[in-house]
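As a plain string of letters, each chain reads:
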Amino acid sequence: KGGVSEGSTQWLTYWVVFSFVTLLESVIPSLDYYIPFYYYNKAALIIYLYHPQTNGAEVVYNQVVRKYILPHLDVKGGKEE
C-alpha cells in the first residue's frame with residue numbers, strides 16, 4: 001500500500017516524454033516542414049511511447065531525457081544533502 005504501481009510509473013514517464021516532444025514543437029515551430037511525413041512519424045512515436053509491450057516511454061526517457069536533459073536542470077534525483 002502507498003506505493004506507485006508499475007502502470008502508474010509507465011504513464012508518468014509517458015507524460016514526461018510527451019511533454020518534451022510538445023515543448024520541442026513549441027521551440028521549433030517549423031519542425032513539420034523539415035521532417036518528411038512529420039505527423040505520421042509523430043503518430044507512430046506516440047503509439048510507440050504508450051504501447052505497454054514496447055515500454056517506449058521508458059526507453060526514450062532513459063536514453064534521451066535522463067542522459068541529455070536532466071543534467072542541465074540541476075535535479076538532485078531525490079537525494080538529500
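Nothing here was measured: the structure is a model prediction, and the numbers come from that model.

S.K.: Whenever I open this one, the nonpolar core confuses me. Can you help?
M.R.: Counting residues in each nonpolar core, the largest one holds 7 residues, listed as Y14, V17, L49, A57, V60, Y61 and V65. When contributions to this core are tallied by element, the ones reaching two or more residues are helix 1 (6–27) and helix 4 (56–69). At 4 residues, helix 4 tops the list of elements feeding residues into this core. Not counting residues up to four positions away in its chain, the partners in contact with L49 are Y14, V17, G56, A57 and V60.

S.K.: Quick question: what am I supposed to make of a nonpolar patch on the surface here?
M.R.: A surface patch of nonpolar side chains, about 450 Å² in accessible area, is lined by W11, W15, I47 and Y50. Looking at the nonpolar patch, the elements that each hand over two or more residues are helix 1 and helix 3 (38–50). Structurally, I47 is set in helix 3. The class for I47 is partly exposed, based on a relative accessible area of 46%.

S.K.: Please clarify how the environment of I69 should be interpreted in this entry.
M.R.: Tracing the backbone through its elements, the reader meets I69 in helix 4. For I69, a relative accessible area of 27% puts it in the partly exposed group. Taking the C-alpha atoms as reference points, I69 and F20, 49 residues apart in sequence, are found 9.7 Å from one another.

S.K.: Looking at this structure, I do not really get the packing of aromatic side chains. What am I missing?
M.R.: Within a pair of aromatic rings, the relevant descriptors are the distance that separates the centres and the angle that separates the planes. One pass over the full model with this rule turns up 7 aromatic pairs. Centroid distance W11 to Y14: 5.4 Å. Interplanar angle 80°. Geometry classified as edge-to-face. Taken together, the residues W11 and Y14, both in helix 1 and 3 residues apart, mark about one turn of the helix. By relative accessible area, which is 7% here, Y14 ends up buried. With a centroid separation of 5.2 Å and an interplanar angle of 80°, the aromatic rings of Y33 and Y34 are classed as edge-to-face. Of the two residues examined, Y33 and Y34, each falls in the exposed class. Among the aromatic residues, ring-to-ring pairing joins W11, Y14, W15 and F18 into one connected group.

Scoring rules and cut-offs
- The residue count restarts for each chain, going from 1 along the sequence in the order it is written.
- Per-residue local features are limited, in this predicted model, to residues with pLDDT of at least 70; the limit for side-chain atom pairs, both in listing and counting, is 80 or more; totals at the level of whole chains, interfaces and linings are taken over all residues.
- The side-chain quantities take in all heavy atoms of the structure and omit both hydrogens and water.
- Definition used in this section: a nonpolar core is a set of buried Ala, Val, Leu, Ile, Met, Phe, Trp, Tyr and Cys residues joined via side-chain atoms within 4.5 Å.
- When accessible area is computed with a 1.4 Å probe and restricted to protein chains, residues below 20% of their type maximum are described as buried, those above 50% as exposed, and intermediate ones as partly exposed.
- Put simply, DSSP H or I for four residues or longer makes a helix, DSSP E for two residues or longer makes a strand, and each gets a number counted from the N terminus.
- Contacts are assigned to residue pairs with any non-hydrogen atoms lying within 4.5 Å of each other.
- Surface patches are defined over residues having more than 30% relative accessible area and no salt bridge, joining like charges when they lie within 9 Å and nonpolar side chains (Val, Leu, Ile, Met, Phe, Trp, Tyr) when within 5 Å.
- Method for areas: the Shrake-Rupley scheme with a 1.4 Å probe, in which residue coverage is limited to the protein chains shown.
- A pairing counts as a salt bridge when a side-chain nitrogen of Lys or Arg comes within 4 Å of a carboxyl oxygen of Asp or Glu.
- A pair of aromatic rings is counted whenever rings of Phe, Tyr or Trp (Trp by its six-membered ring) have centres within 6.5 Å, and the orientation is called stacked for planes under 30 degrees apart, edge-to-face for over 60 and tilted otherwise.

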